Amino acid sequence: MSDLEWIYGIHAVENALTQQPERVKEVRFQEGRDDKKNQRLVQLCKSNKVRYSVVPRKELDQLFTKNKERAVHQGVVAYTTMNKAGSEADLHTLVAGLEEPPLIIILDGVTDPHNLGACLRSADAAGAHAVVMPKDNSAPLNATVSKVACGAAESMPVYAVTNLARTMKKLQDQGVWIFGTAGEATQTIYEQDLTIPTAIVMGAEGEGMRRLTREQCDYLVKLPMAGVVSSLNVSVATGVCLYEVVRQRAAKSTG
């Protein structure tokens, strides 16, 4: 993956200019769009001394012609250094330094960048400490992820590891309990105590967790499904699980 990449969309560009402006090399705006949101981005460029220009829409469209679907760039793109995923060692250092029970999401083979971006957005919103995924067979941190994540791709710590089962074992050695989501589980996530140090494993779209990942979990849990569908989209399920953790921890802190 190249260090520099074009990202697109108002939220993604605004977050880049606000949180890490030193990473932004250039911003391009679409001709004819001069609303308040664009004016704010122009001011951010000026205050952070980031080069910007105004170009025809066709020029912005052409930046993403390699994609199978046309990017909805909302009239603004930025050339920026993409966040890189941390290592396994970085993850364990983070966990060791936490002063509150860890909350970690483990994504086992999520290859759709839209789903990865949505998972990062939910993880950031729920206050998760980290998102962990295998180096292979996972979506890369790219422009699509950044757009869907609405800034969370820049703020949420992401760790790409070589051996997911080994990383899970080391997390357990650090006192983290690992809950794997599986449709055949006998207990729901609502029956578990998630106020303890927690990592939740979300399986790949359609296939679920791999065997070695499943075997490394302390518990298997499911979401109750009352309708005719057998499972939820992985990003939706991630959000549901995360906010059950938030609910339980909030109740404990006030009780």
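Just so it is clear, the model here is predicted, and its values are computed rather than measured. By convention here, each chain's residues receive numbers from 1 onward along its written sequence. pLDDT decides what is reported in this predicted model: residues at 70 or higher carry local features, side-chain atom pairs at 80 or more are listed and counted, and totals for whole chains, interfaces and linings draw on all residues regardless. Side-chain metrics rest on all non-hydrogen atoms present in the structure, leaving aside hydrogens and water.

### Details of the packing of helix 1 (residues 10-19) against helix 2 (residues 36-47)
For step 1, the next point in the chain: Whenever a helix is involved, its axis is fitted only over the stretch in contact; in every case the axis is a line through C-alpha atoms, and angles between N-to-C directions fall within 0 to 180 degrees. Secondary structure elements follow DSSP: runs of H or I no shorter than four residues count as helices, runs of E no shorter than two count as strands, and numbering proceeds from the N terminus. The contact between helix 1 and helix 2 brings their axes to 10 Å, and the two run at 25°. The angle between the axes of helix 1 and helix 2 places the two elements in the roughly parallel class. Crossing geometry of helix 1 relative to helix 2 is assigned as left-handed. Here Ile10, Val13, Glu14, Leu17 and Thr18 of helix 1 lie close against helix 2, whose contacting residues are Lys37, Arg40, Leu41, Leu44 and Cys45.
For step 2, the next point in the chain: Note on residue classes: Ala, Val, Leu, Ile, Met, Phe, Trp, Tyr, Cys and Pro are nonpolar, Asp, Glu, Lys and Arg are charged, and everything else, Gly too, is polar. Within the contact of helix 1 with helix 2, the residues separate by chemical class into six nonpolar, one polar and three charged. Note on angle classes: values under 35 degrees are labelled roughly parallel, values over 145 roughly antiparallel, values of 65 to 115 roughly perpendicular, and the remainder oblique. Crossing handedness is defined as follows: a turn of the near helix away from the far one that is anticlockwise and smaller than a right angle gives a left-handed crossing, while the clockwise case is right-handed. Should any heavy atoms of two residues lie within 4.5 Å, those residues are counted as being in contact.

### Some words on the UniProt feature "binding site: S-adenosyl-L-methionine" (unreviewed entry) in the protein chain
For step 1, the next point in the chain: As recorded in UniProt, the feature "binding site: S-adenosyl-L-methionine" (unreviewed entry) lies at Gly203, Leu223 and Leu232. Taken together, the annotated residues stretch across 30 residues yet fold into one region, lying no more than 13.2 Å apart by C-alpha.
For step 2, the next point in the chain: With respect to the helices, strands and loops of the structure, glycine 203 is situated in strand 10 (residues 198-203).
For step 3, the next point in the chain: Of the residues examined, glycine 203 reaches a relative accessible area of 12% and is grouped as buried.
For step 4, the next point in the chain: The residue leucine 223 is located in the loop between strand 11 (219-222) and helix 10 (234-254) in this model.
For step 5, the next point in the chain: Residue leucine 223 is classed as buried on the basis of its relative accessible area of 15%.
For step 6, the next point in the chain: Excluding its chain neighbours within four sequence positions, the residues that come into contact with leucine 223 are Ile189, Tyr190, Leu232, Ala237, Val240 and Cys241. UniProt positions are given in the numbering used here, feature names are shortened, and annotations may be inferred rather than shown by experiment. Between buried and exposed lies partly exposed: a residue is buried under 20% and exposed over 50% of the maximum accessible area for its type, with that area taken using a 1.4 Å probe on protein chains only.

### Points about the domain arrangement of the protein chain
When the parts of a complex come together, some accessible area is lost, and that lost area is often used as the size of the interface.
For step 1, the next point in the chain: For each domain, the first and last residues come from an automatic or database assignment. For the protein chain, the assigned domains read domain 1 (4-81) and domain 2 (88-253).
For step 2, the next point in the chain: On a C-alpha basis, the centroid separation for the pair domain 1 and domain 2 is 31 Å.
For step 3, the next point in the chain: The partner domain 2 presents 11 residues to the 13 residues of domain 1 that form the contact.
For step 4, the next point in the chain: A pair is scored as a salt bridge if a Lys or Arg side-chain nitrogen falls within 4 Å of a carboxyl oxygen belonging to Asp or Glu. Joining domain 1 to domain 2, the criterion identifies zero salt bridges.
For step 5, the next point in the chain: The set of elements that each furnish at least two residues to the side of domain 1 that touches domain 2 consists of strand 1 (4-8) and helix 1.

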